[in-house]
Amino acid sequence: MSILIDRVAGPTPGLAAFLLAHHDDMAGTAPPESQHALSLDRLLAPGVRLFVARDGDDLVATGALAPLAEGHEELKSMRTEPARRGEGLGRAMLDALLADARSRGIRRISLETGSAEFFRPAHALYARAGFVECAPFGSYLPDPHSTFMTVELGDEAQSGPSGAIMEG
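For clarity, every value in this text was computed on a predicted model and none was experimentally measured.

Engineer: It is not clear to me how the overall build of the protein chain should be interpreted in this structure. Could you clarify?
Structural biologist: A count of helices and strands for the protein chain gives four helices and eight strands. When the elements of the protein chain are put in sequence order from the N terminus, they spell out β-α-α-β-β-β-α-β-α-β-β-β. Burial status across the protein chain gives 46% buried among its 168 residues. Restricting to contacts in the protein chain with at least 6 residues of sequence separation, those with at least 24 account for 68%. By element, 53% of the accessible surface of the protein chain is carried by carbon and sulfur atoms, the whole surface being about 8300 Å².

Engineer: I'm lost on helix α4 (residues 120-128) in this one. Help?
Structural biologist: Each α-helix winds once per 3.6 residues, and so residues spaced three or four apart point in a common direction. Taken as a whole, α4 has its buried residues at His123, Leu125 and Tyr126. With its buried residues spanning 160° around the axis, α4 presents them on a single face. For α4, exposure combined with an orientation more than 90 degrees from the buried face picks out Pro121 and Arg128. Check the buried side of α4 and you find it contacts β4 (72-80), α3 (89-103), β5 (108-114) and β7 (146-152). One or two positions beyond α4, positive phi appears at glycine 130, with a value near 100°.

About the thresholds
Residues numbered from 1 in each chain as written. Predicted model: local features only at pLDDT ≥ 70, side-chain atom pairs only at ≥ 80, totals over all residues. Heavy atoms only, no water. Helix = DSSP H or I, 4+ residues; strand = E, 2+ residues; numbered from the N terminus. Buried < 20%, exposed > 50% of the residue type's maximum accessible area, 1.4 Å probe, protein only. Contact = heavy atoms within 4.5 Å. Areas by Shrake-Rupley, 256 points an atom, 1.4 Å probe, with all protein chains shown as cover. Arc of directions from axis to C-beta.

None of the figures reported here should be taken as evidence of function without further support.
Written out as structure tokens, the structure is:
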């Protein structure tokens, strides 16, 4: 398996369907007002950095970083193709996103994810990467359907993920 992670600036083959499936996966986990996944148009908006992981022609993971404040960004739209979960793709995408943020001098990454059992693997992934639970940030309000997490990034400069490859 050779996975290539790259930033995308526009629609790519299969991206809209992949993100729609992301929204469908979460449909029953919380009421609509507690679901905060971004649409493709919002992920392609100026300032948002959207990344895809591909295994050949197959899109296998996504992730994005959206600006919140100077030096602080939000992790958005992390998804691994369900049939490929457990292969380390989520961790590879998260590592690539964190490396991208560090390379641009971002000091803090925060995220909102669901609090339902469905999201437990995501909570574990984020915790292993150093994220800790925090209060709501940005425009979020306290919500029993949401878990908020954040991580402070080190000062070490790392290159971004453009063309990052995961071998397995």
